[in-house]
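# A look at the structure
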Amino acid sequence: MGGGSEPLDTKHGHYLGGWGNLGSQTQKGITTYSISANRQRPLAGTLNAAVFNTWRRFRAQALYVIPPFAIAYVAMNWAVEKNEYYNSKPGRIVDAAAAEEATGGGSVRG
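Residues numbered from 1 in each chain as written. Predicted model: local features only at pLDDT ≥ 70, side-chain atom pairs only at ≥ 80, totals over all residues. Heavy atoms only, no water.

Looking at an unreviewed UniProt entry, one finds the chain named Cytochrome b-c1 complex subunit 8 and attributed to Lepraria finkii. Under the heading Function (unreviewed entry), UniProt records this for the chain: "Component of the ubiquinol-cytochrome c oxidoreductase, a multisubunit transmembrane complex that is part of the mitochondrial electron transport chain which drives oxidative phosphorylation. The complex plays an important role in the uptake of multiple carbon sources present in different host niches." Taken verbatim from the UniProt record of the chain, the Subcellular location (unreviewed entry) comment is "Mitochondrion inner membrane". (UniProt positions renumbered as here; feature names shortened; annotations may be inferred.)

A count of helical and extended segments in the chain gives 2 helices and 0 strands. Residue burial in the chain is summarised as follows: out of 110 residues, 4% are buried. Looking at the chain as shown, the accessible area adds up to about 10,600 Å², and 59% of this sits on carbon and sulfur atoms. (Helix = DSSP H or I, 4+ residues; strand = E, 2+ residues; numbered from the N terminus. Buried < 20%, exposed > 50% of the residue type's maximum accessible area, 1.4 Å probe, protein only. Areas by Shrake-Rupley, 256 points an atom, 1.4 Å probe, with all protein chains shown as cover.)

For the coordinates displayed, the defined rule picks out 2 aromatic pairs. Considering the side-chain rings of Trp 55 and Phe 58, the 5.7 Å spacing of their centres and the 35° angle between planes classify their relative orientation as tilted. You can see Trp 55 and its partner Phe 58 sitting in helix H1 (residues 46–86), 3 residues apart, about one turn around the helix. For the ring pair Tyr 85 and Tyr 86, a centre distance of 6.0 Å and an interplane angle of 45° mean the geometry is tilted. Judged by relative accessible area, which is 44%, Tyr 86 ranks as partly exposed. (Phe/Tyr/Trp six-rings, centres within 6.5 Å; stacked < 30°, edge-to-face > 60°.)

Turning our eyes to something else, we now look at the environment of Gly 91. Topologically, Gly 91 is positioned in helix H2 (residues 89–103). Discounting residues that sit within four places of it in the chain, Gly 91 has contacts with Tyr 85 and Tyr 86. (Contact = heavy atoms within 4.5 Å.)

Written out as C-alpha cells, the structure is:
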C-alpha cells in the first residue's frame, strides 16, 4: 500500500500523486522557469502606468459623459432661476396678472 503521508485512493489503494498529478505520469519536454520572490518587482512602474492609463481612459470617455452633464447642469440652473423668479414678488405679480387674464377676471381657485 503506501506509508506515511502519501494520499491513497481509498477505493483501490493506489498513490494518487500530489495536487495536479492525480495518478498520471509526469510530462516530458516541458521546461519551467521560476524566479525568487524577493527578486521580483511586482509593483514596478505601477504608479506611472496608473497615471497614463487613467488619463487615456478619461479621454476616451469624456465625450460620452461631459455633454449630458453639461445639459443637465444648464437645465437645472434654468429651473432653479425660474423657480426663484416665480417665488419672488415680481414673479407673483406677473403670475397673478396672467391668471386673471386667462380666466377673464374670474377666480382661479374655483
